[in-house]
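# Observations on the model geometry
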2 protein chains.
Amino acid sequence: MKHTSRDIRTANRYAVLRHLIAKSPASRGELAAATGLSQATVATLVAELTALGLLVEVGFEESAGGRPRSLVAVDAAGGALVGVDVAETYVHAELFDLALGVVARAEEELRPGESAPEEVVARIAAAVGAVVAAADARRPPRVLGVGVTMPGQVDRERGVAVRAANWGWRDVPLTALLGERLPYPVHLDNPLRAATVAELWFGAARGCDDAVVINLGTGVGAGLALGGALHRGVTNSAGEWGHTTLVLDGRPCRCGDAGCVEAYVGAPAIMRTLRELAPHSALLTDDDQTATIGALGRAAAGGDPVAVRVVRETARHLGAAVADLVNLLNPEVIVLSSWVAAALGTPLLTEVRQAVARHALGSPFAATEIVLSPIPTDPVSLGAATFALEGVLSSPGLTGTTLTPHTT
Amino acid sequence: MKHTSRDIRTANRYAVLRHLIAKSPASRGELAAATGLSQATVATLVAELTALGLLVEVGFEESAGGRPRSLVAVDAAGGALVGVDVAETYVHAELFDLALGVVARAEEELRPGESAPEEVVARIAAAVGAVVAAADARRPPRVLGVGVTMPGQVDRERGVAVRAANWGWRDVPLTALLGERLPYPVHLDNPLRAATVAELWFGAARGCDDAVVINLGTGVGAGLALGGALHRGVTNSAGEWGHTTLVLDGRPCRCGDAGCVEAYVGAPAIMRTLRELAPHSALLTDDDQTATIGALGRAAAGGDPVAVRVVRETARHLGAAVADLVNLLNPEVIVLSSWVAAALGTPLLTEVRQAVARHALGSPFAATEIVLSPIPTDPVSLGAATFALEGVLSSPGLTGTTLTPHTT
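Residues numbered from 1 in each chain as written. Chains lettered and ligands numbered in written order. Predicted model: local features only at pLDDT ≥ 70, side-chain atom pairs only at ≥ 80, totals over all residues. Heavy atoms only, no water.

## Some details on the nonpolar core
With 104 residues, the main nonpolar core has I214 and W241 of chain A together with I214 and W241 of chain B as its most contacted residues. When sequence neighbours within four positions are dropped, the list of residues in contact with I214 of chain A reads G221, A222, W241, V322, L325, I334, V335, L336 and S337 of chain A. (Core = buried A, V, L, I, M, F, W, Y, C linked by side-chain atoms within 4.5 Å. Buried < 20%, exposed > 50% of the residue type's maximum accessible area, 1.4 Å probe, protein only. Contact = heavy atoms within 4.5 Å.)

## A few points about the UniProt feature "domain: HTH marR-type" (unreviewed entry) in chain A
The UniProt record annotates "domain: HTH marR-type" (unreviewed entry) at residues 11-57 of chain A. The span residues 11-57 of chain A shows a helical share of 70% and a strand share of 11%, and its end C-alpha atoms are spaced 22 Å apart. (UniProt positions renumbered as here; feature names shortened; annotations may be inferred. Helix = DSSP H or I, 4+ residues; strand = E, 2+ residues; numbered from the N terminus.)

## With respect to the pattern of salt bridges
All names here are of chain A. Applying the stated criterion across every chain yields a total of 36 salt bridges over all chains. Among the ionic pairs, R312 bridges to E351, the shortest N-O distance being 3.0 Å. In this pair, R312 is assigned in helix α10 (residues 305-329) and E351 in helix α11 (residues 339-359), connecting sequence segments 39 residues apart. By relative accessible area, R312 is classed as partly exposed at 44%. (Salt bridge = Lys/Arg side-chain N within 4 Å of Asp/Glu carboxyl O.)

## Some points on the packing of aromatic side chains
Scanning the entire structure with this criterion turns up six aromatic pairs over all chains. Measuring from centroid to centroid gives 5.8 Å for Y14 of chain B and W201 of chain B, while their planes differ by 55°, and the two rings are tilted. Linking Y14 of chain B in helix α1 (residues 5-22) with W201 of chain B in helix α6 (residues 191-202), this pair joins segments that are 187 residues apart in sequence. We classify W201 of chain B as buried; its relative accessible area is 1%. Taken together through their ring pairs, the aromatic side chains of Y14, W201 and F202 of chain A make up a single cluster. The cationic tip of R18 of chain A hangs over the ring face of W201 of chain A; the distance from NZ or CZ to the ring centre is 5.0 Å. (Phe/Tyr/Trp six-rings, centres within 6.5 Å; stacked < 30°, edge-to-face > 60°. Lys NZ or Arg CZ within 6 Å of the ring centre and 35° of its normal.)

## Side note on the interface of chain B and chain A
Facing 55 residues of chain B, the contacting portion of chain A comprises 55 residues. Summed over both sides, the interface of chain B with chain A buries roughly 4400 Å², with 57% coming from carbon and sulfur. At the junction of chain B and chain A, the tally comes to two salt bridges. Residue D249 of chain B is joined to R316 of chain A by a salt bridge in which the shortest nitrogen-to-oxygen separation is 3.0 Å. Applying the counting rule to chain B against chain A returns 26 residue pairs in polar contact (both at pLDDT 80 or more). Contributions of two or more residues to the side of chain B that touches chain A are made by α1, β13 (220-226), α10 (305-329), α11 (339-359) and α12 (362-366) of chain B. A total of eight residues in the side of chain B that touches chain A trace back to one element, the largest contributor, which is α10 of chain B. (Buried area = accessible area lost by both parts, 1.4 Å probe. Polar contact = N/O pair within 3.5 Å; in protein donor to acceptor, adjacent residues only side chain to side chain.)

## Observations regarding the pairing of strand β13 (residues 220-226) of chain A
Residues and elements named next belong to chain A. Among the seven residues that make up β13, seven are buried, leaving the element largely enclosed by the rest of the structure. Covered by surrounding structure in β13 are V220, A222, L224 and L226 together with G221, G223 and A225, the residues of both alternating faces. Both strand β12 (residues 211-216) and β13 contribute to a ladder of six bridges, which runs antiparallel. Paired with N215 across the bridge in β13 is G221. Looking at chain direction, β13 and strand β14 (residues 229-230) are connected through two bridges and run antiparallel. Within the sheet, the bridge partner assigned to A225 lies in β14 and is L230. Between β13 and the antiparallel strand that follows it, β14, lie two residues; G227 among them carries a positive phi value of about 65°. (Pairing = 2+ DSSP bridges.)

Okay, here's the thing in structure tokens:
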């Protein structure tokens with residue numbers, strides 16, 4: 001492994017900017033205290049980030065008995081970032097200011113059959129164009145980068161969608177294709193990692209060295225943030241917790257194996273549990289996962305006995321599988337994220353915590369918080385925009401070679 | 001998280017020394033190529049390590065068309081490190097030269113009832129004294145540090161054995177107690193992490209960013225090396241893979257839960273499988289785990305049908321649990337280590353690989369090697385000595401403030 005001073009500088013820029021996004025303005029002394037860096041290092045980093053147009057000086061604060069301290073803040077209007085969440089049926093784009101506040105949103109539908117690479121690329125470009133246009137018609141925002149998440153296996157270094165099973169894609173050079181249509185740097189990754197980075201920068205994992213973000217949707221995964229950064233694995237496929245074995249020789253899973261976590265806690269699995277417990281339940285809305293899980297969540301919150309039993313049975317399995325993460329990784333926080341977690345909410349969280357307590361070892365369990373994602377907007381778009389911001393921070397030319405000064 | 005230039009310098013010292021321990025002598029240019037560091041950085045690091053007495057200049061090598069390049073090597077005789085493996089029934093100490101070759105070994109028995117902290121400390125001090133005396137009676141070696149591993153939960157920062165369940169220990173300040181008896185810096189950690197560091201520095205995980213070392217003994221654990229370094233978790237308890245759930249509501253486990261990996265692949269679990277498949281097998285040697293597992297391994301290698309079935313049934317469970325690590329962590333290598341892995345050897349490895357192939361996802365499985373530990377000696381003592389060496393490399397005073405020059 002190679003450790004360079006450039007890696008460190010990038011990590012330190014992250015640390016300063018992260019703190020300022022959470023709390024602006026701040027003095028250099030506060031930043032030094034919050035990041036553990038020296039005053040001199042903070043001063044250099046602030047100068048670099050100011051030259052990039054990301055920070056501004058915003059005045060002075062009286063200090064007890066000394067000269068007034070100057071304050072810096074994120075220059076929210078200094079640029080914009082776009083996060084694009086590409087899913088099977090839609091392309092969702094959000095434009096953020098530099099304080100990572102949402103400025104504009106756009107969505108493009110992907111109809112069945114519209115899945116050729118050029119069609120999807122056109123939809124992504126249209127969604128990005130729409131949010132840029134919506135942001136400010138008179139003065140277009142200075143877009144510093146676009147982050148795009150794709151389901152399936154992606155090679156972020158090369159910008160290639162290696163495999164998107166549902167569309168039959170193999171090795172589509174998505175970043176290059178988007179580069180022909182968009183005049184911005186494009187960063188490709190997958191939605192699980194985007195949601196994890198969003199929690200790490202802005203959500204429940206802020207300030208944590210070791211955190212797990214569990215994605216509960218149709219599919220199931222666990223984004224791993226270890227040592228303060230994403231753990232990607234040797235081929236960028238880490239996090240396939242949905243296909244770890246919970247019940248050897250148990251329920252068949254769509255991956256071809258049996259007894260996987262996903263076969264008990266993914267949305268289709270929860271519907272199966274509901275059908276098994278109450279075949280004629282009014283909660284079953286044909287094969288509409290979103291509607292059924294939503295109805296189930298509302299019914300469970302209202303005390304409906306069948307819904308409560310389904311949530312409990314789901315939590316019994318989810319809790320055992322979460323306990324595996326507690327025992328193996330000893331994280332500070334485990335975040336339940338994505339639409340199934342949001343729909344089942346507190347009733348699920350309460351039961352999961354009890355189930356984890358039954359299965360986890362005492363010492364790591366006592367050290368782990370289990371929470372619902374506190375991010376109010378789409379964490380995948382936010383995480384995708386964060387990848388674009390990370391791209392800006394790790395660019396080697398920090399003094400205007402890749403970014404022109406912000407002119408008004 | 002704090003990233004300092006000191007962390008980087010320590011990591012770079014590791015990188016240079018690790019390469020030289022694997023292959024001495026080498027030129028500065030070779031070291032730069034092997035580590036990815038600049039020639040200037042390598043020159044500085046070599047100077048620091050030479051001043052510490054760890055490296056020596058060993059002559060010149062002709063280079064094609066240029067001036068001869070000077071070569072450096074580990075100064076094997078420049079110092080010594082002691083690794084101590086404390087287990088329930090013994091204290092095993094090894095003294096290593098700086099090339100991490102074994103110079104002397106000693107073992108002290110811990111009889112039942114001899115488990116008070118002062119008794120164990122006395123045995124450790126005696127074992128360390130014995131290897132130091134055995135190394136060279138006329139000129140005592142310059143011992144740079146002692147690494148000690150303790151079963152149970154340890155706090156390495158404070159040097160405290162937080163809990164050793166079998167001895168009833170709570171918060172024993174082991175490093176302080178040893179400091180009263182030994183004139184060397186003492187580093188405390190647990191055996192799982194020592195075995196993992198041994199593979200990372202000298203074994204099957206050398207050069208790997210992401211590796212898992214599976215400890216197969218009476219207990220079962222998985223040491224995680226992620227991003228090129230040990231993953232410890234927030235309270236230093238990561239790696240409790242033996243207590244992740246493989247069969248929900250399955251076999252009872254000694255941790256109080258049911259269906260844990262350890263309940264299927266730990267030594268007592270393998271004996272239970274043997275008893276279930278062949279209650280009157282001649283392989284069963286009362287409750288002697290070591291003898292039974294050893295006989296089982298020899299019988300399986302010889303094609304004995306019962307032994308082959310027991311190994312296959314063990315591998316069926318072990319393989320599913322190893323596949324969980326492949327899917328979740330996407331490592332480059334998974335190493336099967338400790339005495340059960342050594343005793344069951346190739347028959348176990350072959351069956352495990354087949355079982356992992358059935359359960360793991362194709363892409364991460366293709367990227368993972370599964371191997372038996374290649375370390376010929378005790379990896380726990382070796383890893384403990386490595387912790388002591390890491391202590392030397394991360395000492396802030398690198399120019400003789402903590403280490404006196406090597407005088408002869």
